[in-house]
Amino acid sequence: MKFTTLATLGFIAPAMAFAPTSSFGASSAMKMSTETSEEKAFAKLPASVKPGVVTGPALLDLLNNAKDNGYAIPGVNIVGTNSINSCMEAAKIYGGPIMVTFSKGGGQFIAGKAVDNDKDQASIAGTIAGAKHVREVAALYGVPVILHTDHCQKAWLPWIDGLLAASEEYFKEHGEPLFSSHMLDLSEEPLEENIGICKTYMEKFAKVNILLEFELGVTGGEEDGVDNTDVDSSRLYTQPEEVWYSYQQLNEVPNAMFTCAASFGNVHGVYAPGNVDLQPVILHNSQKYIAEKLGDGNDKPMKFVFHGGSGSSVDDIRYAIEAGVVKMNIDTDTQWAFWDGVRAYEAEHHDYLQGQIGNPEGADKPNKKYYDPRMSLRAGEEAMAARLCKAAEDLNCVNVLN
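Note that the structure is a prediction, hence the values are computed from the model and not measured.

Undergrad: How should I be thinking about unusual backbone geometry in this particular structure?
TA: Trans is the common state for peptide bonds, and a negative phi is the common state for residues other than glycine. The backbone of N396 shows a phi angle near 60°, a positive value even though the residue is not glycine. Locating N396 in the fold gives a position in the segment after α12 (373-394). The class of N396 is partly exposed, set by a relative accessible area of 31%. Not every positive phi belongs to a glycine, and N399 is a case in point at roughly 55°. On the secondary structure map, N399 appears in the segment after α12. The class for N399 is partly exposed, based on a relative accessible area of 47%.

Here is the structure:
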């Protein structure tokens with residue numbers, strides 16, 4: 001479930017939590033922000049953050065800026081270049097960063113549904129192809145873009161393995177990974193196994209500056225092949241002790257960067273008001289618990305991400321941001337917005353879309369300029385971008401660049 005009025009990403013799509021910058025090795029240049037030594041591209045952001053895809057220390061700087069300044073980044077699930085471009089167009093309009101989020105099914109769709117996917121080859125190839133599209137055009141929009149992947153269950157880890165291999169090759173050539181971050185959703189496994197697998201992947205990710213997003217508890221509802229509709233309601237609420245255990249384990253990895261999707265009643269999909277019991281106070285309690293354990297004066301040691309926000313009030317969303325939420329996933333509502341834009345286009349031009357020739361202007365008048373797929377698809381793009389601008393407003397993410 002995503003933004004209640006948003007028409008995925010989903011990215012989003014989790015309550016995010018980075019390890020503090022001290023988790024970087026003492027001798028590593030990544031420990032230091034480059035803000036003091038680089039010319040700033042954005043007046044309100046650290047100098048390390050530039051237009052285009054943001055990874056590694058610059059991503060850490062960006063998310064720290066979001067936490068410190070009380071905004072969260074929209075993490076939007078996409079299914080092709082139309083929805084990808086809508087994300088970046090919206091970010092350019094509202095003046096903030098955006099997270100473009102690929103699901104396993106979305107990657108397969110980009111590759112083409114006719115392609116065999118028995119070994120995840122279509123999901124891997126399509127996700128990489130989409131990421132390369134973003135890499136080519138993101139800077140043209142003049143905004144920071146995070147390249148992210150969404151829920152990956154234990155059985156889907158070969159998908160992430162393929163994407164990691166692509167990032168490792170990209171890192172050799174460019175000094176940064178192809179993707180900014182990946183989410184592992186092993187919340188169906190026992191806590192120790194969940195975090196144990198995450199720690200193994202964190203060790204691999206850290207070598208190429210990829211951020212790990214992990215999930216604790218379960219996000220209810222159904223999204224893109226992940227169905228938790230009938231899950232026990234007690235599993236929708238994460239305990240502070242679980243967050244602390246995860247923080248300790250992952251922070252043992254040198255150069256680790258991680259965020260946490262802690263469940264606090266979140267449910268994927270759209271539900272009538274009152275049908276979802278969000279408890280963002282869980283995030284506040286978790287921050288307090290970890291802060292007391294660390295005793296270093298940092299009152300928000302974790303950065304959380306927010307999954308399943310549809311049906312949530314703006315008050316609940318902003319209370320969660322106050323607890324250190326730096327990204328909110330959006331899918332359900334952006335899907336609707338895109339469709340609604342296409343639907344409205346058809347309704348407006350209906351009489352010009354009933355044949356190649358013939359319309360109210362004359363029986364011999366051509367209709368090509370109306371049924372050109374770019375026309376209806378552009379209407380969908382514009383509607384999705386408009387909805388994302390509203391989402392950014394709810395997330396306090398408007399005009400945060402300059």
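Moving on, there is more to tell.
Undergrad: Looking at this structure, how should I read helix α3 (residues 104-111)?
TA: An α-helix turns once every 3.6 residues. As a result, residues three or four positions apart point the same way. Taken as a whole, α3 has its buried residues at K104, G106, G107 and Q108. Looking at the buried positions of α3, the neighbouring elements they touch are β2 (73-78), β3 (98-102), α4 (121-137) and α5 (157-174). Where α3 ends, the next residue or the one after it, G112, has phi of about 120°, a positive value.

Undergrad: Sorry, what's going on with the environment of E213 here?
TA: Here E213 is to be found in strand β6 (residues 211-216). Using a relative accessible area of 0% as the deciding quantity, one classes E213 as buried. At 3.0 Å, the side chain of E213 and the side chain of H148 are in polar contact.

Undergrad: I keep staring at helix α7 (residues 240-250) and nothing clicks. Help me out?
TA: Of all the positions in α7, only P240, V243, W244, S246, Y247 and L250 are classed as buried. All buried residues of α7 fall inside an arc of 165° around its axis, so they share one side. Along its buried surface, α7 packs onto α6 (191-206), β6, β9 (258-262), α8 (281-294) and β10 (304-306).

Undergrad: Is there a simple way to explain the pairing of β2 in this structure?
TA: Working note: regular strand, side chains alternate between the two faces of the sheet. Most of β2 is tucked away, with 6 of its 6 residues classed as buried. Note that β2 and strand β11 (residues 325-330) share 4 bridges and pair parallel. Bridge assignment links I73 to a residue of β11, and that residue is K327. Across 4 bridges, the pairing between β2 and β3 is parallel.

Conventions used here
- Residues numbered from 1 in each chain as written.
- Predicted model: local features only at pLDDT ≥ 70, side-chain atom pairs only at ≥ 80, totals over all residues.
- Heavy atoms only, no water.
- Helix = DSSP H or I, 4+ residues; strand = E, 2+ residues; numbered from the N terminus.
- Buried < 20%, exposed > 50% of the residue type's maximum accessible area, 1.4 Å probe, protein only.
- Contact = heavy atoms within 4.5 Å.
- Polar contact = N/O pair within 3.5 Å; in protein donor to acceptor, adjacent residues only side chain to side chain.
- Arc of directions from axis to C-beta.
- Pairing = 2+ DSSP bridges.

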